[in-house]
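Residues per chain, in single letters:
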Amino acid sequence: MIEILQWSTLAICCAAAVARIPSAVRGENRSLFYIFVLATLAILLSIDGPYIAIDRLLGGTNFANLILRFVIFGVILLVGYRIAKAFGAPASIRLILGPVGLSILAVIAAATIVLFLLADTAGSVTGLTTLPSRSPQNAQLIRLYAGAGRLYPAYIAACLLPATYAAISSRLPGGVRIGAGLLTLGFAALVLGTFYPLLPVGLGHLEAVVNYTGAIAFIMGLIAIWICRVRTQAVARKSSTAK
């Protein structure tokens, strides 16, 4: 089931990126194209086969995982700004791009790099979830590194949840409200990610289920809003031509 979720998410995200190429070439809304490209890379680096192949090319020390963390940071920052702007949430924009938000990003990014460098990460393992425990101290460093990587996406999600949740019951077009609902589900999954360390060992598979379900909801939410916007623009052009 997890493999189906992984490859389905990758296919959806890749298709969305390809569909945005013509608009990006015309210079229309290129940031959305970049979001889908980065998200596709993030999903690719989350799947066993591609991850291990890429990481071995980089030296087999799970450097690909560090790249993945920063790709996710970039995606969530771009998405956070676009969504906050689209839903008219200036408070969310300030929390994301203001001094507080940028300071949080800098601290988390620095902590992620330092913890990665301090830990012994030799041996390509997707997500570092099954890396052999060489010592209790190293295992703790890996857990702290993983936790640091989840903090920034959870922070951005928490900043955006009020705006997307409020949009569900607003008077916005139906497609936008559907997209807002899907985005709310995706952001809720990111916030829940901070509680993964509390899961019992036997329920560890729920982490992957929540992650990929949230990713699919997140991507489909962006697609729903994009389709609604395209339809609105098409109707506006037809009305203008008819006049």
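Up top is the structure these notes are about.
Residues numbered from 1 in each chain as written. Predicted model: local features only at pLDDT ≥ 70, side-chain atom pairs only at ≥ 80, totals over all residues. Heavy atoms only, no water.

Asks: Is there a simple way to think about the overall build of the protein in this case?
Replies: Looking only at helices and strands, one finds 10 helices and zero strands in the protein. Reading the helices (α) and strands (β) of the protein from amino to carboxyl end gives α-α-α-α-α-α-α-α-α-α. Its C-alpha radius of gyration of 19 Å places the protein within 12% of the 18 Å reference for a compact globule of 243 residues. When burial is assessed residue by residue, the protein has 42% of its 243 residues classed as buried. A separation threshold of at least 6 residues defines the contact pool for the protein, and within that pool the share at least 24 residues apart is 71%. Total accessible area on the protein is roughly 12600 Å²; 71% of this is exposed by carbon and sulfur atoms. (Helix = DSSP H or I, 4+ residues; strand = E, 2+ residues; numbered from the N terminus. Rg over C-alpha atoms; globule rule 2.2 N^0.38 Å. Buried < 20%, exposed > 50% of the residue type's maximum accessible area, 1.4 Å probe, protein only. Contact = heavy atoms within 4.5 Å. Areas by Shrake-Rupley, 256 points an atom, 1.4 Å probe, with all protein chains shown as cover.)

Asks: When you look at the environment of Thr121 in this model, what are you seeing that I'm missing?
Replies: Position of Thr121 relative to the elements: it lies in the loop between helix H7 (99-118) and helix H8 (136-168). A C-alpha to C-alpha distance of 8.6 Å links Thr121 and Gly60, two positions 61 residues apart in sequence. Sequence-distant contacts of Thr121, that is, excluding residues within four places in its chain, are made with Gly60, Thr61, Asn62, Phe116, Leu131, Arg134 and Ile142.

Asks: What should I look at first to understand the side chain of Ser124 in this one?
Replies: Note on placement: Ser124 falls in the loop between H7 and H8. Within polar-contact distance, the side chain of Ser124 engages the side chain of Asp55 at 2.5 Å. What Ser124 contacts, discounting residues up to four positions off in sequence, is Ile52, Asp55, Arg56, Gly60 and Asn62. (Polar contact = N/O pair within 3.5 Å; in protein donor to acceptor, adjacent residues only side chain to side chain.)

Asks: Can you help me understand the environment of Leu185 in this one?
Replies: Of note, Leu185 is situated in helix H9 (residues 174-192). Owing to a relative accessible area of 45%, Leu185 belongs among the partly exposed residues under this scheme.

Asks: Please explain a nonpolar patch on the surface as it appears in this structure.
Replies: Taken together, the side chains of Leu57, Leu58, Phe63 and Ile67 make up a nonpolar region of the molecular surface, amounting to roughly 380 Å² of accessible area. Residue placement: Phe63 occurs in helix H5 (residues 63-86). (Patch = residues over 30% accessible without salt bridge, like charges linked within 9 Å, V, L, I, M, F, W, Y side chains within 5 Å. Salt bridge = Lys/Arg side-chain N within 4 Å of Asp/Glu carboxyl O.)

Asks: What is the right way to look at the packing of H5 against H7 in this model?
Replies: Between two packed helices, the angle of one axis relative to the other and the distance separating the axes together describe the packing. One way to put it is that H5 packs onto H7 with a least axis distance of 11 Å and a crossing angle of 170°. Classified by the angle their axes make, H5 and H7 are roughly antiparallel. When H5 is examined against H7, the residues Phe63, Leu66, Arg69, Phe70, Phe73 and Leu77 are found in contact with a partner set consisting of Leu105, Ile108, Ala109, Thr112, Ile113 and Phe116. The residue makeup of the contact of H5 with H7, split by class, is 10 nonpolar, one polar and one charged. (Axes fitted to C-alpha atoms, helices over the stretch in contact; angles between N-to-C directions. Parallel < 35°, antiparallel > 145°, perpendicular 65-115°, else oblique. Nonpolar A, V, L, I, M, F, W, Y, C, P; charged D, E, K, R; others polar.)

Asks: So what exactly am I meant to see when it comes to the packing of aromatic side chains here?
Replies: Aromatic ring pairs are described here by two measures, namely the spacing of the ring centres and the angle between the planes. With the rule as written, the count across this model stands at six aromatic pairs. With 5.9 Å between their ring centres and 55° between their planes, Phe33 and Tyr34 make a pair best called tilted. A relative accessible area of 45% places Tyr34 in the partly exposed class. Three or more aromatic residues joined by ring pairs form one cluster here, namely Phe70, Phe73, Tyr152 and Tyr155. (Phe/Tyr/Trp six-rings, centres within 6.5 Å; stacked < 30°, edge-to-face > 60°.)

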